[in-house]
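An overview of the molecular structure
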Amino acid sequence: MIIELNKKVNEERAHELAKFAKAFCIYDGTRFVLINSSSQKEIPVELEGSTDKFYVFENDLQLGSRKYRNETRSIQLGKVQIGGNSGNTMVIGGPCSVESEEQIRSSASLMKDLGISTLRAGSYKPRTSPYSFQGMGLDGLKLLAKMRDEFGLNIITEVRDATQIDDIIEYADIIQIGAKSMYDHGILKKCGKAKQPVLLKRGFGTTLQEFVQAAEFILAGGNQNVMLCERGIRTFETKTRFTLDLCGVSYLKEHTNLPIVLDPSHAMGYAYGVSDLSRACVAMGVDGLIVEVHPNPAVAKSDASQQLNHQQFRDLLETLHPIANAVGRKIV
Ligand code: PEP
Ligand code: MN
């Protein structure tokens, strides 16, 4: 249940009332709002006289639901806005990992050249094997921040465990929670207290209900800037790395108020399919697209097989504009 308190209820009183209701308490910019389990259908007596409006739900998709806020949430990412009535589809490009200053500068320069606002690259990599490249850590974050300053780009980078969040907040503009970390409550709760927008990726064995509930951890913590990212789920199919769940995307568009970003690179796992899938993603009328691009994919230290080279990315981008137009959107 979501309970909107009267605007005259102050912070101290709101927290007292939250205890009665066994609820999270957040401030939505105009008033305090309490959120407790969807199994609660009635206002506790202690709150009578202090509430303006309340919402009951069938399940724990609450703050993120269209039933609570019908319009897609608007998120400002540097100079770019997504959601709200912007009609924008933001393209995010960059390598899987930061590998060296030369490599990341080459990527940053390409994004700048193509008018792309946001550079992606991981510096803490959640690899499946301990013997694979684990990322450059703090040194990589510093390189990303340098690229932001040199090229005026937003930086999105991944957090692998909660101890890294403070550094990521210091050096990046958007926090990425990876598919393997989607259930990490330490990360989710810490992101709930952060100011930076969060891109939450769907775990590859995660139902849509579990996915949206993970987003609720961040929203109920007080951070209202959450984007959902579909990046492929595991099915019986082995010819592609994962299966991009576009039916799930339709569900999320219909039922949630969170901007949606699609990641065809990790779903496909092979560069040959990424451009076609990217076009399909943009045709879905979503808020963002994140694509892995590397100056020389053959020597990439992670996800080498799926990264587009610079020319492929340039060619792809040209084809995305008319598709976005056809579904009433604009690539930014
Ligand atoms: C990535 O973006 O490089 C990544 C590791 O993605 P995912 O968490 O979706 O596997
Ligand atoms: Mn990757």
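Look up: the structure comes first, before these words.
Just so you know, these numbers come straight off a predicted model, no measurement behind them. (Residues numbered from 1 in each chain as written. Chains lettered and ligands numbered in written order. Predicted model: local features only at pLDDT ≥ 70, side-chain atom pairs only at ≥ 80, totals over all residues. Heavy atoms only, no water.)

1. Considerations on the overall build of the chain
Scanning the chain from terminus to terminus reveals 10 helices and 15 strands. Taken over the C-alpha trace, the chain has a radius of gyration of 20 Å; the compact-globule value for 332 residues is 20 Å, and the two agree within 12%. Projected onto the principal axes, the alpha-carbon positions of the chain cover approximately 65 × 40 × 40 Å. Looking at the chain residue by residue over its 332 residues, the buried ones come to 55%. Here the contacts in the chain between residues at least 6 apart in sequence split such that 67% fall between residues at least 24 apart. (Helix = DSSP H or I, 4+ residues; strand = E, 2+ residues; numbered from the N terminus. Rg over C-alpha atoms; globule rule 2.2 N^0.38 Å. Buried < 20%, exposed > 50% of the residue type's maximum accessible area, 1.4 Å probe, protein only. Contact = heavy atoms within 4.5 Å.)

2. Quick look at the coordination of the manganese ion (ligand 2)
Protein-derived coordination of the manganese ion (ligand 2) comes from C96 (SG), H266 (NE2), E292 (OE) and D303 (OD), at a distance range of 2.1 to 2.4 Å. Look at where the donors of the manganese ion (ligand 2) fall in the sequence and you get C-x169-H-x25-E-x10-D. On the criterion of sequence distance, the pair formed by H266 in helix α8 (residues 264-268) and E292 in strand β14 (residues 288-292) is long-range, its members being 26 residues apart. For E292, a relative accessible area of 1% gives the class buried. (Donors = N, O, S within 2.8 Å, 3.2 Å for Na, K, Ca; no water.)

3. A closer look at the pattern of salt bridges
For the coordinates displayed, the defined rule picks out 20 salt bridges. When the shortest N-O distance is used, the salt bridge between E150 and R105 registers 2.8 Å. Residue E150 is found in helix α3 (residues 138-151), and its partner R105 is found in helix α2 (residues 101-113); the two are separated by 45 residues along the sequence. Judged by its relative accessible area of 41%, E150 falls in the partly exposed class. In this structure, the salt-bridge partner of D287 is R329, at a minimum N-O distance of 3.6 Å. Placement of D287 in the loop between α9 (271-283) and β14 and of R329 in the loop between α10 (310-326) and β15 (330-331) is noted, with a sequence separation of 42 residues between them. (Salt bridge = Lys/Arg side-chain N within 4 Å of Asp/Glu carboxyl O.)

4. Side note on the pairing of strand β10 (residues 174-177)
Side chains I174 and Q176 project from β10 onto one buried face, and the interleaved I175 and I177 project onto a second face that is buried too. In this structure, strand β9 (residues 154-159) lies alongside β10, joined through 4 bridges in parallel fashion. Considered in β10, the bridge of T157 is made with I175. In this view, the connection linking β9 to its parallel neighbour β10 by way of helix α4 (residues 165-171) has right-handed handedness. Alignment of β10 against strand β11 (residues 198-201), held across 3 bridges, turns out to be parallel. Looking across to β11, one finds that I175 is bridged to V198. In this region the chain leaves β10, passes through helix α5 (residues 185-193) and returns to the parallel neighbour β11; the handedness of that crossover is right-handed. (Pairing = 2+ DSSP bridges. Right-handed = clockwise from strand over helix to strand, strands pointing away.)

5. Focus: the site of ligand 1
Ligand 1 sits among C96, R120, K125, E158, Q176, G178, A179, K201, R231, H266 and E292. Backbone polar atom of A179 to an oxygen atom of ligand 1: 2.7 Å apart, as the coordinates give it. K201 is positioned with one of its side-chain polar atoms (N or O) 2.9 Å from an oxygen atom of ligand 1. Protein chains bury 94% of the 290 Å² of accessible surface belonging to ligand 1 in isolation. Its residues placed into classes, the shell around ligand 1 shows 2 nonpolar, 3 polar and 6 charged. (Near = heavy atom within 4 Å. Polar contact = N/O pair within 3.5 Å; in protein donor to acceptor, adjacent residues only side chain to side chain. Areas by Shrake-Rupley, 256 points an atom, 1.4 Å probe, with all protein chains shown as cover. Nonpolar A, V, L, I, M, F, W, Y, C, P; charged D, E, K, R; others polar.)

6. Observations concerning the nonpolar core
With 75 residues, the main nonpolar core has L119, I177, L200 and F313 as its most contacted residues. For I177, the residues in contact, after removing those within four places along its chain, are V159, M182, I187, L188, C191, V198, L199, L200, K201 and I218. (Core = buried A, V, L, I, M, F, W, Y, C linked by side-chain atoms within 4.5 Å.)

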